[in-house]
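# A closer look at the structure
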Amino acid sequence: MTVLCSFLISVLAAADFQTVGAIKSHRVQDDRVEFAAENALLNIYLISSDMVRFRYTQRSEFSEAPSYAVVASPGSFRDFTLVEEEQYFEIRTADLMVRIRKNPCRIAIYDRNSRAINEDDESFGVCFDCDEVRCFKKLLDDEQFYGLGEKTGALDKRGNQYTMWNSDKPGYSDREDPLYVSVPFFIGVREHKAYGIFFDNSYRSCFNMGASNRRFYWFGADKGELDYYFLYGPQIQDVISSYTALTGRMELPPLWALGYQQSKWSYYPESTVRALAQEFRERKIPCDVIYLDIHYMDGYRVFTWDKERFPDPGRILSDLNAQGFKVVPIIDPGVKADDGYFVAQEGLAGGYFARYPDGEVYQGEVWPSWAYFPDFSRPETREWWGEKLSAFVNQGVSGFWNDMNEPAVWGQAVPDIVEFCGGVSHKKIHNVYGLLMAQATFDGLRRHFPQRRPFILTRAGFAGTQRYAAVWTGDNIAREDHLRLACVMCQGMGLSGLPFVGADVGGFIGNPSQRLYTRWVQLGAFTPFFRGHSATGQQDKEPWAFGEEVERRVRDAISLRYRLLPFWYAEFYRAAQTGLPVMRPMFLNYQQDENCYSRDAQFQFMLGEDLLVAPVLGEHDDFKKVYLPGGKWLDFWTGEVREGGHWTVEEAPIDRIPLFVKEGGIIPMQEVAQFVGEKTARELSLVVFPTASGRYSLYEDDGVSCDYRSGVYSLTDFTVAQDGQSLSFKVERRHQGYQPQREHYLLKFFDISALSEVQLDGVPLAAAAEEPPAAPGYFFDARHHAVVVKVPCADTLEIIIK
Ligand code: MIG
């Protein structure tokens, strides 16, 4: 051993990079152990029993600069022990054992049964090459990797190398990297046990997940500290919860943001926007949001309106609002370098723009031609930006769409030496620029409109962007491979802490066929962010642009989204609480099921716990290969009960995609509305699949205000259980801070082949002659093995079916 080590040390000393070297000293400080090694300092922070931060610097002290991603305040965790042995130190918590070898310094992490979870590469560990920092980890044979944010390719990232450098890539390929968002966080899974690593470094970074080698994987950055958090599972869900406890979680968006949204580059002038709104309402295609792309501005000057195209913004906005439309304008960061323009003047006077090191204000070329770039890393700039936005909100806009915030400039690259925050280079800020812009927007809206929930859509982002904004996957193409990408990328982003995601429905660039467009809307209706968008100069892509048949199918898909809004909203509430995605890879819910990790399984997903969605991703397919995990599944369309535990091929005619409800599943639905808040829902219907016992917790509130934070919300628990003789279904309102206005429940129980009686709170209900029953009562649909029960709402009730 000693021989090997001294050999290693001499070999590595000859290489042009440096490792950490041997540990020279250590001391325990509150929540951390500080080590000094030959070539670096290493602080190990114990965040909790299953979360440890490893922080290395080759400098003489650690940086004082705050993290852009991490918002959790340093804890006071002290529940660990440190033991020193001859060759190593051991830090133990209730869940983990970290072994720190002394010479050379290497980390190995074990679970409490001494099973190795993650180890540094024997020879390389942490290395420095001038400013560059890297960490090499042993690659295990059966290890798979997930996450890394907005990445193309398969969900499993093993065997590939990725770069984190926010980039504008119109019409990207299905292998393209990097794209607009950087999330330096991944999940390692082996033997169905998981851990996560979050590398908190905003410089250009790299993740080699075993590309072109089978010895190690590594991550590293051009500069900064080698600062990473190790998050132990073994549940993948716990890793994501821990990661989002660190970097923050989505706030509950306004309910309307879960509706359908229509965009195009660009809808103008005003008459076109009015006609668009009119079409939706006349054709009875539900829609909540209309986007205004760059042509609404006066010469691409942010915070202005083109006077000819939109002569009276306040009026059209209030007219659209009256029709139930929320309007979201695009806001790019570049401020036109025009002496006569108030935003440029204010920005220059306030010193809000990024500069060269010699003090000259930087100008980059983008839509408005030469433009200044707000330095969103400064609180003063963020505050000023917030004021500009609030003037817009006062005119009647409901949210903001941040584009080009990589930041993108013609010619691709902002010079590296441009400075932010009084001396921090673009190298460090680039990847967090979009995050900071979204923060400026979010904080500004919070400050000026404390009673409203902000809605922000961003293209660029970093770890933590979920705190402020929804993300869409940029300039995709109207092609089958991009339809597949939309399905897979959104899942990967969900695993990376970003739950509110979607892709341009129909494809941004190019013209989809009728079938491709239909399939895309059918997928989009089940992605968290649901917006149709199109580049300039393409054929029309509104739901009615493809003929009557397509319009009917698309209306059905969008209408189903609206019928499912109570479900979506409750799932969003849970995502906001737990950090878990709404749209989930199969293995996130079925971690022990090997089939759920297969290549094909990434083309279907779960929404929450109960709904399995199997989008058709082949333009010409009328069937879909689906994996149903063990247990029984209810075909949402036919009511047929299916045995799971295997792959099946499902018929998927062009008017629908396969949907299944898990056994014990309860899915809340409502009548279609043309927009959120169009009418008060008098009825809540529930699809109940009582083959196994189950529970669903329905979250409701006013959908727009922040009152829910002070308890103005409602939680209603629905439970179902069978005991051989009878089936019991209970309603219990667990939190009553908000009173939904509904009058009755319409419950549809499936998989019931015979019944003798249905009781409500012990009193027999009348059998009705039709479905749905006109008055409280039940209808037995013998053909579909279903019983439909209508009962008045009450805070608690019990239905027994015998
Ligand atoms: O250089 O604003 O991704 O959604 O329509 C293109 C025009 C700028 C890119 C966005 C796209 C948007 C377009 N923008």
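Here is a short report on the structure shown in this document. (Residues numbered from 1 in each chain as written. Predicted model: local features only at pLDDT ≥ 70, side-chain atom pairs only at ≥ 80, totals over all residues. Heavy atoms only, no water.)

Next up on the list: the nonpolar core. Core analysis: the biggest nonpolar cluster contains 215 residues, and Trp385, Phe526 and Phe729 have the highest contact counts within it. With residues up to four places along the chain from it excluded, the contact list for Trp385 reads Val302, Phe303, Ile331, Asp332, Pro333, Val335, Pro374, Phe376, Met437, Ala440 and Thr441. In this structure, Val33, Cys105, Val126 and Phe207 belong to the second largest nonpolar core, which totals 46 residues. (Core = buried A, V, L, I, M, F, W, Y, C linked by side-chain atoms within 4.5 Å. Buried < 20%, exposed > 50% of the residue type's maximum accessible area, 1.4 Å probe, protein only. Contact = heavy atoms within 4.5 Å.)

What follows concerns the pattern of salt bridges. Under the criterion given, the structure shown has 59 salt bridges. Between Arg459 and Asp403 there is a salt bridge; the shortest N-O distance is 3.2 Å. In this pair, Arg459 sits in the loop between β30 (456-458) and β31 (461-462) while Asp403 sits in the loop between β27 (400-402) and β28 (419-420), placing the two residues 56 residues apart along the sequence. With a relative accessible area of 1%, Arg459 lands in the buried category. Exposure remark for Asp403: the relative accessible area of 10% places this residue in the buried category. (Salt bridge = Lys/Arg side-chain N within 4 Å of Asp/Glu carboxyl O. Helix = DSSP H or I, 4+ residues; strand = E, 2+ residues; numbered from the N terminus.)

Surrounding the ligand, one finds 13 residues, the nearest of these being Asp293, Asp403, Arg459, Asp475 and His533. Between the ligand and Asp293, the relevant distance is 2.5 Å, taken from an oxygen atom to a side-chain nitrogen or oxygen of the residue. For the ligand, an oxygen atom lies 2.9 Å from a polar atom in the side chain of Arg459. Protein chains bury 95% of the 350 Å² of accessible surface belonging to the ligand in isolation. (Near = heavy atom within 4 Å. Polar contact = N/O pair within 3.5 Å; in protein donor to acceptor, adjacent residues only side chain to side chain. Areas by Shrake-Rupley, 256 points an atom, 1.4 Å probe, with all protein chains shown as cover.)

Packing of helix α3 (residues 270-283) against helix α4 (residues 313-322) brings their axes to within 11 Å, and their N-to-C directions diverge by 5 degrees. The orientation of α3 relative to α4 falls into the category roughly parallel. Only Arg315, Ile316, Asp319 and Leu320 of α4 make contact with α3, whose side of the interface consists of Glu270, Val273, Arg274 and Ala277. Of the residues in the contact of α3 with α4, the class split is four nonpolar, no polar and four charged. (Axes fitted to C-alpha atoms, helices over the stretch in contact; angles between N-to-C directions. Parallel < 35°, antiparallel > 145°, perpendicular 65-115°, else oblique. Nonpolar A, V, L, I, M, F, W, Y, C, P; charged D, E, K, R; others polar.)

Spatial relationships are all this shows, so hold off on functional conclusions.
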